[in-house]
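# Structural overview
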Amino acid sequence: MSQTVGRVPQRSNARSNRARILATARLELGRNPDVTLEELARASGVVRRTLFGHFPGRAALLEALAEEAAEALQAAVTVGAGSDEPADRALAHFSLALWPVGDRYRMLLALARRDLGTERVAGILEPARIRATAIVEQGQRDGVFHSQLPAAVLSAGLEAMTVALLEEVNTGALEDDGTRVAVTTLIAAGVPEKRARIVVDEVAAAEV
């Protein structure tokens, strides 16, 4: 029994160390994409051996962050999925749910092409892209969104705008809790500004 009791704190400590390393990596990689693992170990308050015990190299650390981001994104995509709400409210829900995930993992934007590769990034984003395109298609059918572009193209444009806005957060040019971005997304999809503000305010209030 004493051996079992002795193992539990070690497992708990290992989980705590891993979580702290990943949280520190999100912060430090956002400040400096070239930060070394040794620097991350010091910033995390662990010795180099502990960090390398969890992540034997930079690729392993980034893959762990990517996996975290993929799981968080998948959970956010399910918010409001399957409901019969109007497309403008669905897009507001979608945008407000995804913004915190994008904000938390925005440092991956700077690492996407160089370290993760476009295929890995595309895999992470695929559930969000499928959901966004479905919402846009619904909105175009209902006349809520403009139909100047095919649904997949408009959805890709909205995604690119969101990524650009996250990069502006990286530079310090933008601070937002997601509401202004959600309003902007609805406007870009074709919703009049006044209506977009009302919808986002209602959805945000309901979520709170």
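Residues numbered from 1 in each chain as written. Predicted model: local features only at pLDDT ≥ 70, side-chain atom pairs only at ≥ 80, totals over all residues. Heavy atoms only, no water.

### A few points about the nonpolar core
Counting residues in hydrophobic clusters, the biggest one holds 54 residues, and the most contacted among them are L29, L61, L65, L91, F94, L108 and L186. Looking at which element gives the most residues to this core, the answer is helix α4 (residues 58-77), with 10 residues. Dropping the residues within four chain positions of it, L108 is found in contact with L65, A66, A69 and L116. Counting residues in each nonpolar core, the second largest holds 5 residues, with W99, V169, L174 and V181 among its members. (Core = buried A, V, L, I, M, F, W, Y, C linked by side-chain atoms within 4.5 Å. Buried < 20%, exposed > 50% of the residue type's maximum accessible area, 1.4 Å probe, protein only. Helix = DSSP H or I, 4+ residues; strand = E, 2+ residues; numbered from the N terminus. Contact = heavy atoms within 4.5 Å.)

### So, helix α8 (residues 151-171)
Taking 1.5 Å of rise per residue, 21 residues should cover 30 Å, and α8 covers 30 Å from first to last C-alpha, within 8% of that figure. Inspection of α8 places A151, L154, S155, L158, L166 and V169 among the buried residues, and these make up the whole buried set. Around the axis of α8, the buried residues are gathered within 120 degrees of arc, so they sit on the same side. Just past α8, the residue G172 takes up positive phi, approximately 90 degrees. (Expected span 1.5 Å × (residues − 1). Arc of directions from axis to C-beta.)

### So, the side chain of E28
Within the secondary structure, E28 is located in helix α1 (residues 2-31). Judged by its relative accessible area of 18%, E28 falls in the buried class. For E28, the contacting residues outside a window of four places in its chain are V35, L40 and A43.

### What to know about the side chain of S44
Relative to the elements of secondary structure, S44 occurs in helix α2 (residues 37-44). Not counting chain neighbours up to four residues away, the residues in contact with S44 comprise R20, I21 and T24.

### Overview of the pattern of salt bridges
Tallied over the entire structure, the rule returns 12 salt bridges. The shortest N-O distance in the salt bridge between R58 and D115 comes to 3.3 Å. Linking R58 in helix α4 with D115 in helix α6 (residues 107-116), this pair joins segments that are 57 residues apart in sequence. Since its relative accessible area comes to 25%, R58 is described here as partly exposed. Here R180 makes a salt bridge to D176, at a shortest N to O gap of 3.6 Å. Taken together, the shared-partner salt bridges connect E63, E67 and R120 into one network. (Salt bridge = Lys/Arg side-chain N within 4 Å of Asp/Glu carboxyl O.)

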